[in-house]
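# Coordinates in review
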Amino acid sequence: MAIVTNRRSFFETLLGQTNTRAIQSLDELDRPLNKVDVYHLLKRCCFSVDPLYAKSLIGKNAKVAVTELINNAKNKTIPLPPFDVNQAFISPENLAGDAKAKQREANLTAHFEQNKLLVSWWLDLMKGDKNSLSEKLTFLWHSHFTTQYEGNEPIPAQFIYRQNLLFRKQYLSDFKAFLEKVTIDGAMLLYLNGSSNNRLAANENYARELLELFSVGIGEGHYSEEDIREAAKVLTAWRVNYYTDGGELYKPFLDPALFSTDQKTVFDVSFTVDYTVNQENVYKNSIQKLMAVILDKKTREVSHFLAQKFYNTFVYSKPQDQPTETVTQLAYFFVSSGYNIQTTIIKLLSSKHFFDESNYGIQIKSPLENLLGFAAHFDVETEKLYKWVVNFGQEPLNPPNVSGWKGYRSWINTKSLPTYIFVFNEILKEQNDESLGNWAFKNMDNYDDSYMLVENITLLFLGKIPDELRLEKLHKVLLGGAPYYEWPELAQNKSNAGIRIKVLLKEMFRMPDFYLA
Amino acid sequence: MKRRSFIKNSSVGLGAVSQIKLGKLDVSSFDSLYKVEEENENILIIVQLFGGNDGINTIIPKEWPDYYNRFRPKLHIPQDKSIAYDDPAKGMAMHPSLKDGIKEGMYGLFKDGKLSVIQGVGYHNPNLSHFRSTDIWFSGIIPANDGQSLPTGWLGRYFDQYQNQELPDSPYCIHVGDTPLLLFQGDEIENAILLENPDDFFEQGKSVESEKIVLGEQSLFSKEFDYVNDVGLKVNHFSKSVKTAFDKGANKQNYAEDSLSNQLKLVARLIDGGLKTKVYSVSLGGFDTHGDQGLLDGLHSKLLSQLSSAVSSFQADIESMGHAKKVIGITVSEFGRRPYENASLGTDHGTANVMFAFGEEVKGKVFGTSVAQLPFFDAENLVYRYDFRSIYQEILRSWFGASPTVTENIISGTFAYIDGEGFIKQTVKDTTLPPQLVLPEINNDSKSPNNPSSPYNVEKQDIFQVFPNPTTPDGKFILRMILFVGADVEITQFNIKGIPMGTLLKKKTYRVGGYILNLELNGGHGLHFLHIKANNRNHFIKVMRA
């Protein structure tokens, strides 16, 4: 190995190429964070970067900065969404004819309207979060444990909200507990038919996705159809209620009559029902035991699968056929930490690998990252943002199907790219020149230095600061023909500055790196 | 199609590409059907019918009593309204909507010898989820299991061969719509552009970065940067040729004012304007008719009417423009629908669908038989006759002139041509291909001992199971019912004295299959009897209420 590296660097020195192989190591970064590091960290951890907050992190140790982002997430208070989260619905089942259809219609309308309010609620939270990992983490888990409010039947927003709260409560906990709780989460039970899974007619939908999408992942020998069938039996009998006459609202419960008392075998482990069938016992001996078995028997698969997810989210979203060295290391770490999500995320985000410059700017931004990353700085109505994220195919709480969003390069195609340019121009049009100038004055270092100002704006909005040639081009765009030494005076008038910055931003929308982070 | 790209395409396998030198070419090393000097200008139109078109009501099994009585008592197309076509002895007729449009619509096209009707297209072990089955049709690959990922489309893989060159004048493929299709997805990039309005597209083309920016590094960053840059370049580059073709072309026929007609109208105009795109895809949605499929003025009929008028206008237009020799089209749909109608006056996902091919260069005939001649492979679904990949294979080899090796690579195998001869006129028979699948003879006579579905041949009895038994104190229980023969089922309750306690299930028709019924006992604690009547069969079950 050493010989090859030396030969390579020898030739590279000879040919003047830069060594672009990233450091594989998950060892902690041992230098304080500089400005570029901080922006990289915040671009990956938040939906938009607040330059003033970024300043406060410069010079800090990586682990300290990351821990701060995590603590801010933990300490965050989440406001209630603008609808009754405890609303009980009238069941249409006991009504007849017209009244039945009318009630069904009323219920569906309420579900759709409230879910839309919930999406807006979440967009506001994402837009406003500039100093914690909370929204990115919540979205990571939402994309992993997928649930669509539209589903086959729309799911009441009260359940989707509770699922969102579950993600926020568990997002830094241990993965085993997470799996247990998600399995009997109301929205999940409805979405993947757990709520109609019973001993006579086991519904395999959740069991399949539990293995295929949530824990083990697809692969040769990962699980068999038999495992899915048996697991489905283990998962029988959990129900939820949201009707006025159905008992307790929104809290999943076990219906003992529907629980399969058969002997089941999953991954060669027996699940014998030699206990009284009640909620507590079943939770312990079926749900908790099943998750323990999955993690125990499929340790390698689960840890790699989840490590890859973390890696895709925070470092590079390109799908990999084989796990890289770093992902493998992360997987081992995940296991040895007891599947502790917090420790593992901190490890990844404060590592030399994460802060290797060849990993900066390589993520193709998703619609949420693109739109919020820009719009959060300016005055943009959430309603408009909502319309646009739907247009670009990333409505939160409503992924296209159970396997979530494809991501990576699928976000940028011959239709979406020009549409982004159009949308960003629309946003810009709405901004007042003076307020734009004030924004730059308040947030950007070296406001009076036209070249540095351009550099700082590119650091904020582009994947990386461009090379000298391209920066100089942008510099000229900002100045619009004026000499650079006239900038400080020109920029004193914030309206004029705003006009020039608008022209600069318009040019930046066309650049490929505007879509990278 | 540039000559260089054509040659690369027709070579014996992709690996041989680097060995081909231009200039002196050894013609004998080619196994392509096209002479080297000729350019392949052929164009394919793909008409997607999203949702799963009901082939059984499209090409109706007119002479099959079961169609009217057993499978579609409410949803059949009346015999006297269906359109006779082809040899009536084959027992098929067209849905009346297929006569809508210029020159009697698709029916007229068949009369003129410009429509192939391919019955019973499907694949082995069909997947009945929209999402997955669409992926299967688009990728041209039958996955080994539900988890196997299908990342590329058959046309995406085909046009991947033209990479590593400058952008051609025209986009290889155009999808008229705003969402990319897996169909055109290649290994690294998408091989189609998304187009809705050429004027808008032209404006958008001006807004993107029009130059290739060279970063001078080889890194992950530069790879992703290049990808985004290239997408912009494509928009910019193709927006110009598309606009030029759009301005130059002119439609000569009338089209209806609906979405599909507008899409095909645009395609015809671009073809007339000289755009060299090879594949255009257009689509019509709404075929997922689980409920209220409708009859002659219903949902499905309206969709078929749109299809017929759009396709016939398009074909007439292409002919008037003089391009008929080089344009053919096919319809595709992710699956068919089941013979049995459901309880919501609709139909559910099924298999073995009809596929149409239109154009002067397709054979104007019917391939396959009435669906009456297709056996069932389970209680609900029909066996397929033609593998859909046969059609892809023929298009690649015969219409686009790809070599057998390249084709085999792209669709992972070789398949029979439809009926050994193919549906495209210029297809040459190839005895090295596998033979056409032969289906067993079907006996549809319900009384015949040779008909496996005949009730007379059923040996098993219905199964009824109650639990919990004793029921819960509120008298609720589940009845599990398995019927090996369809039946009218009625359930009444009696107490131990034989006194009727009410009807738990009013007479209802059930098909063959398993069911879970949620029922509730009347009366109080103690022993009760359920009398279950299934057609003429009587079952009695003791149930205890706790």
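Not measured: the values here are computed from a predicted model.

## Digging into the packing of aromatic side chains
Residues and elements named next belong to chain A. Across all of its chains, the model carries 57 aromatic pairs over all chains by this definition. Here the aromatic rings of Phe112 and Tyr149 are separated by 6.4 Å at their centres, their planes lie at 80°, and the arrangement is edge-to-face. Of this pair, Phe112 sits in helix α5 (residues 97-128) while Tyr149 sits in the loop between α6 (134-144) and α7 (157-170); the two residues are 37 residues apart in sequence, bridging distant segments of the chain. Through a chain of ring-to-ring contacts, the aromatic side chains of Trp141, Phe145, Phe167, Phe175, Phe178, Tyr206, Phe214, Phe310, Phe334 and Tyr339 assemble into a single cluster. Lys289 extends its terminal NZ or CZ atom over the ring of Phe271, reaching a point 4.8 Å from the ring centre.

## With respect to helix α14 (residues 325-336) of chain A
Taking 1.5 Å per residue, twelve residues should reach 16 Å; α14 of chain A reaches 17 Å between its end C-alpha atoms and fits that length. Just past α14 of chain A, the residue Gly338 of chain A takes up positive phi, approximately 75°.

## So, the nonpolar core
One finds Trp141 and Phe175 of chain A together with Ile45 and Phe314 of chain B to be the most contacted residues of the largest nonpolar core, which totals 231 residues. Sorting elements by how many residues they give to this core places helix α8 (residues 220-248) of chain B first, with ten residues. If sequence neighbours within four positions are ignored, Trp141 of chain A has contacts with Phe167, Tyr171, Phe175, Phe178, Leu306, Phe310 and Ile341 of chain A. Ranked by size, the runner-up nonpolar core spans 45 residues in total, among them Leu150, Leu155, Val332 and Ile391 of chain B.

## Section: the packing of helix α18 (residues 416-430) of chain A against helix α23 (residues 494-509) of chain A
Residue and element names in this part refer to chain A. As a packed pair, α18 and α23 sit with axes 10 Å apart at the nearest point and diverge in direction by 165°. Classed by the angle they form, the pair α18 and α23 counts as roughly antiparallel. Like other packed secondary-structure pairs, α18 and α23 cross with a definite hand, here right-handed. From α18, Ile421, Phe424, Asn425, Leu428 and Lys429 reach across to α23, where they touch Lys502, Leu505, Lys506 and Phe509.

## Notes on the pairing of strand β10 (residues 336-341) of chain B
Residue and element names in this part refer to chain B. Buried residues dominate β10, accounting for six of its six residues. Inspection of the sheet shows β10 paired to strand β11 (residues 347-350) by three bridges, in the antiparallel sense. Its bridge partner lying in β11, Arg337 is registered against His349.

## Remarks on the interface of chain B and chain A
On the side of chain A, 36 residues touch chain B, which itself brings 40 residues to the contact. Between chain B and chain A lies a buried interface of about 3,400 Å² when both sides are counted; carbon and sulfur atoms form 63% of it. It is Phe221, Glu224 and Val228 of chain B that lose the most area in chain B upon contact with chain A, and together they represent 20% of the buried surface on that side. Between the two partners, chain B and chain A, sit four salt bridges. We note a salt bridge from Arg409 of chain A to Glu224 of chain B, for which the minimum N-O separation is 3.0 Å. There are nine residue pairs in polar contact (both at pLDDT 80 or more) connecting chain B and chain A. For the side of chain B that touches chain A, the secondary structure elements donating two or more residues are β7 (192-195), α7 (198-207), α8 and β16 (476-483) of chain B. Among the elements that make up the side of chain B that touches chain A, the one with the highest residue count is α8 of chain B (twelve residues).

## Here we look at the sheet that holds strand β19 (residues 513-520) of chain B
Where strands meet in a sheet, backbone hydrogen bonds hold them as pairs that are either parallel or antiparallel. All names here are of chain B. With antiparallel pairing, three strands are arranged side by side in an open sheet as β15-β16-β19. Sheet topology places β15 (463-467) and β19 at the edges, where each strand pairs with a single neighbour. Adjacent strand axes in the sheet meet at a mean angle of 20°, parallel and antiparallel pairs treated alike. As judged from the five bridges shared by β15 and β16, these two strands associate in the antiparallel manner. Within the sheet, the bridge partner assigned to Phe464 lies in β16 and is Met481.

## Comments concerning the confidence of the model for chain B
All names here are of chain B. Residues of chain B with pLDDT of at least 70 account for 88%, and the chain-wide mean is 85. For chain B, per-element mean pLDDT is lowest for helix α1 (residues 3-10), which scores 40, and highest for strand β9 (residues 327-332), which scores 97. This model gives residues 1-38 a pLDDT under 50, and the stretch forms 68 contacts once residues within four places in sequence are excluded. The ipTM, which scores confidence in the relative placement of chains, is 0.92 for this predicted complex, and the corresponding pTM is 0.81.

Reading the values: the criteria
- Starting afresh in each chain, residues are numbered from 1 along the sequence in its written order.
- Going through the entries in the order they are written, you letter the chains from A and number the ligands from 1.
- Local features in a predicted model are, by the rule used here, given only for residues with pLDDT of at least 70; side-chain atom pairs are given and counted only at 80 or more, and totals for whole chains, interfaces and linings are based on all residues.
- Values shown for side chains rest on all heavy atoms present in the structure; no hydrogens or waters enter the calculation.
- Whether two aromatic rings pair depends on their centres lying within 6.5 Å, for rings of Phe, Tyr and Trp, where Trp uses its six-membered ring; planes under 30 degrees apart make the pair stacked, over 60 edge-to-face, and the rest tilted.
- Secondary structure counts use DSSP, requiring at least four H or I residues in a row for a helix and at least two E residues in a row for a strand, with both numbered from the N terminus.
- Here, over-ring charges are defined by two tests on the NZ atom of lysine or the CZ atom of arginine: distance to the ring centre within 6 Å, and angle to the ring normal within 35 degrees.
- Here the expected span of a helix is defined as 1.5 Å times the quantity of residues minus one.
- Only buried residues count toward a nonpolar core, which is a set of Ala, Val, Leu, Ile, Met, Phe, Trp, Tyr and Cys residues joined through side-chain atoms within 4.5 Å.
- In this scheme, a residue with accessible area under 20% of its type's maximum is buried, one over 50% is exposed, and one in between is partly exposed, where area comes from a 1.4 Å probe on protein chains only.
- The criterion used for residue contact is that any of the two residues' heavy atoms lie within 4.5 Å.
- Whenever a helix is involved, its axis is fitted only over the stretch in contact; in every case the axis is a line through C-alpha atoms, and angles between N-to-C directions fall within 0 to 180 degrees.
- Angles are sorted into four bins: roughly parallel if under 35 degrees, roughly antiparallel if over 145, roughly perpendicular if 65 to 115, and oblique for all others.
- What makes a crossing left-handed is the near helix being turned counterclockwise from the far one by less than a right angle; a clockwise turn instead makes it right-handed.
- Here, any two strands with at least 2 DSSP bridges between them count as paired.
- Defined in terms of a 1.4 Å probe, buried area is the accessible area two parts forfeit on being brought together, summed over both.
- Any carboxyl oxygen of Asp or Glu within 4 Å of a side-chain nitrogen of Lys or Arg constitutes a salt bridge here.
- N or O atoms closer than or at 3.5 Å make up a polar contact, with two conditions inside protein: a donor-capable atom paired with an acceptor-capable one, and, for residues adjacent in sequence, both atoms drawn from side chains.
- Note on scores: pLDDT gives the predictor's confidence for each residue, bounded by 0 and 100.

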